[in-house]
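Chain residues, written in single-letter form:
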Amino acid sequence: MGNDILSQAEIDLLLTRKAAPTDSARELTEAESDAIGEIGNISLGAGATTLSALLGQVVQITTPQVSLTTRRALAEEYPIPCVAVEVTYTNGLAGSNLLVIKETDVRTMVDLMMGGNGGGLDGELDDLHFSA
């Protein structure tokens, strides 16, 4: 690792390394956390750019916070209802990104994408909302 920038080979190694069965509760190293955070930042940046183009408004993102968790802990942490989007990598990486969004935030984004003022939508979210 030179100049504090990970090479593609180093990122690939971090993301494809298989944890030993006894490693299920281990912590991430600083390098692993930084690499995953950078990948998240790139993913969020691309999403924000697309959303900004769709909305015709500036979309701001914050630096991702990286931590280990379980699906059960996520379910307990995030309020229901919420929307979860899982994107599985198809090439280059093994794994997936999971984006969990509060329902109120989804309603605001969908309303903006449909030409509204961001005041949110009433009623249940339907297939049209989820496709947005």
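Residues numbered from 1 in each chain as written. Predicted model: local features only at pLDDT ≥ 70, side-chain atom pairs only at ≥ 80, totals over all residues. Heavy atoms only, no water.

Chemist: Can you help me understand the overall build of the protein in this one?
Modeler: Looking only at helices and strands, the protein features five helices and two strands. When the elements of the protein are put in sequence order from the N terminus, they spell out α-α-α-β-β-α-α. Taking all 132 residues of the protein together, the buried fraction comes to 17%. In the protein, 30% of the contacts between residues at least 6 apart in sequence involve partners at least 24 apart. Surface exposure of the protein reaches about 9800 Å², of which carbon and sulfur atoms provide 53%. (Helix = DSSP H or I, 4+ residues; strand = E, 2+ residues; numbered from the N terminus. Buried < 20%, exposed > 50% of the residue type's maximum accessible area, 1.4 Å probe, protein only. Contact = heavy atoms within 4.5 Å. Areas by Shrake-Rupley, 256 points an atom, 1.4 Å probe, with all protein chains shown as cover.)

Chemist: How should I be thinking about helix α4 (residues 103-113) in this particular structure?
Modeler: Given 3.6 residues to a turn, an α-helix orients residues that are three or four positions apart in the same direction. All of the buried residues along α4 are E103, V106, R107, V110, D111 and L112. Buried positions along α4 lie against α2 (30-55), β1 (82-88), β2 (96-102) and α5 (127-131).

Chemist: I would appreciate a short explanation of the side chain of R107 in the present structure.
Modeler: Note on placement: R107 falls in helix α4. Side chain to side chain, R107 and E103 meet in a polar contact 2.9 Å long. With residues up to four places along the chain from it excluded, the contact list for R107 reads G120, L121, D122, G123, E124 and L125. (Polar contact = N/O pair within 3.5 Å; in protein donor to acceptor, adjacent residues only side chain to side chain.)

Chemist: Any chance you could explain a nonpolar patch on the surface here in plain terms?
Modeler: A contiguous nonpolar surface patch, about 370 Å² in accessible area, is contributed by L44, I61, V85, V87 and L99. Within the secondary structure, V85 sits in strand β1. (Patch = residues over 30% accessible without salt bridge, like charges linked within 9 Å, V, L, I, M, F, W, Y side chains within 5 Å. Salt bridge = Lys/Arg side-chain N within 4 Å of Asp/Glu carboxyl O.)

Chemist: What's the story with α2 in this structure? I'm lost.
Modeler: With 26 residues, α2 extends 36 Å between its outermost C-alpha atoms, agreeing within 8% with the 38 Å of an ideal straight helix rising 1.5 Å per residue. Those residues of α2 lying buried are E32, A35, G37, I39, G40, A48, L51 and L55. Just downstream of α2 lies G56, where phi reads positive at about 70 degrees. (Expected span 1.5 Å × (residues − 1).)

Chemist: What should I look at first to understand the nonpolar core in this one?
Modeler: Generally speaking, soluble globular proteins have nonpolar side chains that are buried together. Of all hydrophobic cores here, the largest spans six residues; its members are V83, I101, V106, V110, L121 and L125. Not counting chain neighbours up to four residues away, the residues in contact with L121 comprise R107, V110, D111 and H129. (Core = buried A, V, L, I, M, F, W, Y, C linked by side-chain atoms within 4.5 Å.)

Chemist: Explanation requested: the packing of α2 against α4 in the structure shown.
Modeler: Helix packing for two helices is described by the angle between their axes and how far apart those axes are. Their axes nearest at 8 Å, the elements α2 and α4 cross at an angle of 50 degrees. In terms of their interaxial angle, α2 and α4 are classed as oblique. Residues L51, L54 and L55 of α2 form the contact with α4, whose own contacting residues are M109, L112 and M113. Across the contact of α2 with α4, the residue classes break down as six nonpolar, no polar and no charged. (Axes fitted to C-alpha atoms, helices over the stretch in contact; angles between N-to-C directions. Parallel < 35°, antiparallel > 145°, perpendicular 65-115°, else oblique. Nonpolar A, V, L, I, M, F, W, Y, C, P; charged D, E, K, R; others polar.)

Chemist: Would you mind showing me how to read the environment of Q57 here?
Modeler: Tracing the backbone shows Q57 in the loop between α2 and α3 (71-77). What makes Q57 partly exposed here is its relative accessible area of 42%. Measuring from C-alpha to C-alpha, the distance between Q57 and L112 comes to 9.3 Å, with 55 residues separating the pair along the chain. Residues contacting Q57, with those up to four places away along its chain left out, are S52 and L112.

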